Amino acid sequence: VMGKDDVVISGSFHDQIIIGTETLISTGQEDGFTASILINDFSKVNWVENFGFHGKDRIDSIFEISDNHFISSSISRTDKIDSGFTPTFQPLSRMDLKLVYSADGTTKEKLTIYSNGRINNAKVVCNPSLDNPIISAFEFEGKLEWRGGEAISNGGFYLFSTSVDAGFSTPLKISLLV
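The model shown is predicted, which means the values in this text are computed figures rather than measured ones. (Residues numbered from 1 in each chain as written. Predicted model: local features only at pLDDT ≥ 70, side-chain atom pairs only at ≥ 80, totals over all residues. Heavy atoms only, no water.)

Visitor: Please clarify how empty space enclosed by the protein should be interpreted in this entry.
Guide: Empty space among the atoms becomes apparent when a probe as large as a water molecule is rolled across them. Across all of its chains, the model carries 1 cavity of 30 Å³ or more by this definition. Its volume calculated, the largest cavity comes out at about 50 Å³. Taken together, Thr-34, Glu-49, Phe-51, Ile-59, Phe-70, Ser-72, Ser-74, Lys-98 and Val-100 make up the full set of residues lining the largest cavity. Counting only elements with at least two residues in the lining of the largest cavity, the list comes to strand 5 (45-51), strand 7 (69-76) and strand 8 (93-101). Its residues assigned to classes, the lining of the largest cavity shows 4 nonpolar, 3 polar and 2 charged. (1 Å grid on protein atoms, 1.4 Å probe; cavity = no way out; pocket = protein on both sides within 12 Å on 5 of 7 lines; lining within 4 Å. Points joined across faces, edges and corners; volume = space filled by probe spheres on them. Helix = DSSP H or I, 4+ residues; strand = E, 2+ residues; numbered from the N terminus. Nonpolar A, V, L, I, M, F, W, Y, C, P; charged D, E, K, R; others polar.)

In structure tokens form, the structure reads like this:
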């Protein structure tokens, strides 16, 4: 994701990573990160955010939606519940879709989807011509739950895709591919 003077990057790391002058330490087996660095000098960091719990965590996708905001999709292998919504099961993994302010990395909105199975390959794009422009897709097994809904895989991995509005209140149009 690129701004006028900076670029936002994302990735994952084990143990520690140094981005410019910032050192991030992993809180689990693998952590994800997003960072804003200057285009003309990659050693200068505007901000950096570590994303991680005690398991494997990574940022799978980021997408710029305006000059001031981008969306990130992250996957965690964790049982941590911190979204203000509690699923009916003990989660094994989760997918977080975040609206992030590009200037300082502040999360403005977040939608969390929990699973009692695995979640893989979360991607996010934005199509401004749609009524609900933010589209996310990922594969999952088991049961998914989010505030106001659920989806169940009858064995193996299913592909879950949804569009959300700018308020990230709840998934709106949902598709399941088996």
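Visitor: I would appreciate a short explanation of the nonpolar core in the present structure.
Guide: Nonpolar side chains in soluble globular proteins tend to end up buried together. Counting 20 residues, the largest nonpolar core has Met-95, Leu-97, Phe-138, Phe-140, Leu-144 and Phe-160 as the members making the most contacts within it. Every element with two or more residues in this core is listed here: strand 7, strand 8, strand 9 (107-115), strand 10 (119-126), strand 11 (134-140), strand 12 (143-146) and strand 14 (158-164). Leave out the neighbours within four places in its chain, and Leu-144 touches Ile-113, Tyr-114, Ser-115, Ile-119, Phe-138, Gly-149, Glu-150, Ala-151 and Phe-160. Formed by 8 residues, the second largest nonpolar core is a distinct cluster that contains Val-8, Phe-53, Ile-62 and Phe-70. (Core = buried A, V, L, I, M, F, W, Y, C linked by side-chain atoms within 4.5 Å. Buried < 20%, exposed > 50% of the residue type's maximum accessible area, 1.4 Å probe, protein only. Contact = heavy atoms within 4.5 Å.)

Visitor: Is there a simple way to think about the packing of aromatic side chains in this case?
Guide: For any pair of aromatic rings, the description consists of the separation of the ring centres together with the inter-plane angle of the planes. For the structure shown, the criterion picks out 7 aromatic pairs. Here Trp-47 and Phe-70 contribute two aromatic rings whose centre-to-centre distance is 6.2 Å and whose plane-to-plane angle is 0°, an arrangement assigned as stacked. In this pair, Trp-47 sits in strand 5 while Phe-70 sits in strand 7, placing the two residues 23 residues apart along the sequence. Accessibility classification places Trp-47 together with Phe-70 in one group, the buried group. Measuring from ring centre to ring centre gives 6.1 Å for Phe-140 and Tyr-158, while their planes differ by 70°; the resulting arrangement is edge-to-face. Of this pair, Phe-140 sits in strand 11 while Tyr-158 sits in strand 14, placing them 18 residues apart in sequence. Aromatic rings pair up to connect Phe-138, Phe-140, Trp-146, Tyr-158 and Phe-160 into one cluster. One residue, Lys-108, lies across the ring of Tyr-101, its end atom 5.3 Å from the ring centre. (Phe/Tyr/Trp six-rings, centres within 6.5 Å; stacked < 30°, edge-to-face > 60°. Lys NZ or Arg CZ within 6 Å of the ring centre and 35° of its normal.)

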